[in-house]
Amino acid sequence: MADRFKQLLKGNKDWVENVKQKNPELFSNMAKGQAPPFLWIGCADSRVPAEDITNSLPGSIFVQRNIANMVVPTDYNLLSVVHYAIKALQVRHIIICGHYGCGGIQAAMSNESYGLLDNWLMHIKDVYRLHEAELNAIRDESARSKRLVEINVQEQVNNLAKMAFIQKVWQEDEFPYIHGWVFNIESGALINLEVTIHSASHLDTIYRYYNK
Ligand code: CO
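Predicted, not measured: the structure shown is a model, and the values here were computed from it. Per-chain numbering applies: the sequence of each chain, read as written, is numbered from 1 onward. Given that this is a predicted model, residues contribute local features only at a pLDDT of at least 70 and side-chain atom pairs are listed and counted only at 80 or more, while totals for whole chains, interfaces and linings are drawn from all residues. Hydrogens and waters are ignored; side-chain quantities use all the structure's heavy atoms.

Going along the chain from the N terminus, every DSSP run of H or I of four or more residues is numbered as a helix, and every run of E of two or more is numbered as a strand. If you tally the helices and strands in the protein, you get nine helices and five strands. Counting helices and strands in the order they occur from the N terminus, the protein gives α-α-β-α-β-α-β-α-α-α-α-α-β-β. Along the first, second and third principal axes, the C-alpha set of the protein runs to 55 × 50 × 30 Å. For the protein, with 212 residues in total, the buried portion stands at 39%. The criterion used for residue contact is that any of the two residues' heavy atoms lie within 4.5 Å. Sequence separation of 24 or more characterises 63% of the internal contacts of the protein that already satisfy a separation of 6 or more. Note on areas: these come from Shrake-Rupley sampling with a 1.4 Å probe, and a residue is covered only by the protein chains present in the view. Carbon and sulfur atoms form 52% of the exposed surface of the protein, whose accessible area is close to 12600 Å². Between the mean site of the 21 positive side-chain charges and the mean site of the 23 negative ones, the protein shows a separation of 4 Å. Only protein chains enter the calculation, and the probe is 1.4 Å; a residue is then buried if its accessible area is under 20% of its type maximum, exposed if over 50%, and partly exposed in between. The charge count includes Lys and Arg as positive and Asp and Glu as negative, but it does not include His or the ends of the chains. Every charge is mapped onto a representative atom, which is NZ of Lys, CZ of Arg, CG of Asp or CD of Glu.

Quick look at the structure:
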């Protein structure tokens, strides 16, 4: 059991051999730098690896993951990733991806305390309260949890659009597009929630910045 981590190093050796056979140019290309067209904001859950589920190679997705794929405006880690992705890498598409069966969503829906984590989950409880009427009307707990996963993604798309520096980019460019997706862990399928936005026009007035 104690040696289990060695499996990772062994796995790396196997992976290198595999890549060299299938895609011999990959490492020399990677050494030149990165120009990923996508930024992915996903859940830290081990079952939702951005590259694997999209069949993508290293170098194609800039990734930020946290519990329940949240966009919290005081999270300087996320802000730095988003800023760098837009300003330096000039990614054209940002994907916020939630997933059914999300432990963070389920924890936030419950009345249990999870210690330090409660502070993070508070942001999801706020999303629940905002959509309380719709969610409380869903009797089945699993269906209600799935709907909160979807609503939460939509609210995180909005949270990104609320950021002044993104609105400033939109004043001169149609990019970046912000997409909301959900990963169905039972089938492996990605679902496009069709909540894509690329302007601040849909936001409530209170969140909009008009100065150039
Ligand atoms: Co999750």
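What follows deals with the coordination of the cobalt ion. We call an atom a donor if it is N, O or S and sits within 2.8 Å of the metal, or 3.2 Å for Na, K and Ca. Water is not counted, so some sites may look partial. At 2.1 to 2.3 Å from the cobalt ion lie its protein donor atoms, namely Cys-43 (SG), His-99 (NE2) and Cys-102 (SG). Considered as a linear motif, the donors of the cobalt ion on their single chain read C-x55-H-x2-C. Here His-99 lies in strand E3 (residues 93-99) and Cys-43 lies in strand E1 (residues 38-43), a separation of 56 residues in the sequence. Taken as a pair, Cys-43 and His-99 share a single burial class, namely buried.

A pairing counts as a salt bridge when a side-chain nitrogen of Lys or Arg comes within 4 Å of a carboxyl oxygen of Asp or Glu. Taken as a whole, this structure holds six salt bridges when the rule is applied. Across the pair Lys-6 and Asp-3 runs a salt bridge whose closest N-O atoms are separated by 3.8 Å. Where Arg-147 meets Glu-134, a salt bridge forms, and the shortest distance between an N and an O atom there is 2.5 Å. Taken together, the positions of Arg-147 in helix H8 (residues 141-161) and Glu-134 in helix H7 (residues 132-136) put the pair 13 residues apart, joining distant regions of the chain. When its relative accessible area of 24% is taken as the criterion, Arg-147 is described as partly exposed. It is possible to trace a salt-bridge network through shared partners that takes in Glu-134, Arg-147 and Glu-150.

It is worth stressing that arrangement in space is one thing and function is another; only the former is reported here.
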